[in-house]
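# What the coordinates show
Listed here are the chains, written in short residue letters.
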Amino acid sequence: MTALTPAQLSRLLDEAFQADWESLHSALRTVEGQPHPRIGWLTQHLSVTKRGYWQALSEVLPTASAPPELDLDGLCRWEVAAAAALTPEQLKTPLTYSGTPMTVGDLLRVNIRHTVWHAGQIAALGRAPRMA
């Protein structure tokens with residue numbers, strides 16, 4: 001697989017977050033009325049795991065962890081800029097995440113896939129009819 005550049009990874013993070021279709025933002029727009037309780041859990045889970053990814057990155061790179069005061073929207077915007085600020089050499093930095101050896105670039109791709117995975121779940125739950 002060809003290595004992605006910081007700009008490409010940043011763009012993919014941005015698309016996973018706020019593209020018009022098939023993104024976290026577009027999935028959250030499908031939620032109407034009383035949301036399914038799992039949607040709250042999924043958004044909290046995304047916030048926690050994104051912070052965990054950036055904490056792991058800050059342990060091997062001279063980069064900051066995500067600011068704790070940011071909500072999920074702010075966190076997603078922050079990480080798009082943080083990814084764009086990385087260098088190609090930094091993306092090759094090895095680390096171990098959840099017991100798995102990988103590189104910084106690999107972990108950013110995990111982050112992107114994880115965001116889109118849960119966006120799909122939110123979209124499915126957001127469209128489900130709810131009985132009060």
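Notes on the structure follow. Since this is a predicted model, take the numbers as computed values, not measurements.

The rules behind these values
- Residues numbered from 1 in each chain as written.
- Predicted model: local features only at pLDDT ≥ 70, side-chain atom pairs only at ≥ 80, totals over all residues.
- Heavy atoms only, no water.
- Salt bridge = Lys/Arg side-chain N within 4 Å of Asp/Glu carboxyl O.
- Helix = DSSP H or I, 4+ residues; strand = E, 2+ residues; numbered from the N terminus.
- Buried < 20%, exposed > 50% of the residue type's maximum accessible area, 1.4 Å probe, protein only.
- Pairing = 2+ DSSP bridges.
- Axes fitted to C-alpha atoms, helices over the stretch in contact; angles between N-to-C directions.
- Parallel < 35°, antiparallel > 145°, perpendicular 65-115°, else oblique.
- Contact = heavy atoms within 4.5 Å.
- Nonpolar A, V, L, I, M, F, W, Y, C, P; charged D, E, K, R; others polar.

## Some points on the pattern of salt bridges
Under the definition given, this model contains four salt bridges. Where lysine 50 meets glutamate 79, a salt bridge forms, and the shortest distance between an N and an O atom there is 2.5 Å. Residue lysine 50 is found in helix α3 (residues 37-58), and its partner glutamate 79 is found in helix α4 (residues 72-84); the two are separated by 29 residues along the sequence. The class of glutamate 79 is buried, set by a relative accessible area of 1%.

## Digging into the pairing of strand β1 (residues 94-97)
Direction of pairing for β1 relative to strand β2 (residues 100-103): antiparallel, over a ladder of four bridges. The partner of tyrosine 97 across the bridge, within β2, is threonine 100. The antiparallel hairpin formed by β1 and β2 contains two residues in its connecting segment, where serine 98 sits at a positive phi of about 55 degrees.

## Brief notes about the packing of α3 against helix α6 (residues 104-127)
Interaxial distance between α3 and α6 falls to 10 Å at its minimum, and their mutual angle equals 175 degrees. Relative to α6, α3 is oriented roughly antiparallel. When α3 is examined against α6, the residues Arg38, Ile39, Leu42, Thr43, His45, Leu46, Thr49, Lys50, Tyr53, Trp54, Ala56 and Leu57 are found in contact with a partner set consisting of Val104, Leu107, Leu108, Val110, Asn111, His114, Thr115, His118, Gln121, Ile122, Leu125 and Gly126. Tallied by class, the residues present in the contact of α3 with α6 amount to 13 nonpolar, nine polar and two charged.

## With respect to the environment of leucine 61
Structurally, leucine 61 can be placed in the loop between α3 and α4. Exposure remark for leucine 61: the relative accessible area of 7% places this residue in the buried category. Residues leucine 61 and glutamine 8, 53 residues apart in the sequence, show an inter-C-alpha distance of 19 Å. When neighbours within four sequence positions are excluded, leucine 61 is seen to be in contact with Leu86, Gln90, Thr93 and Val104.

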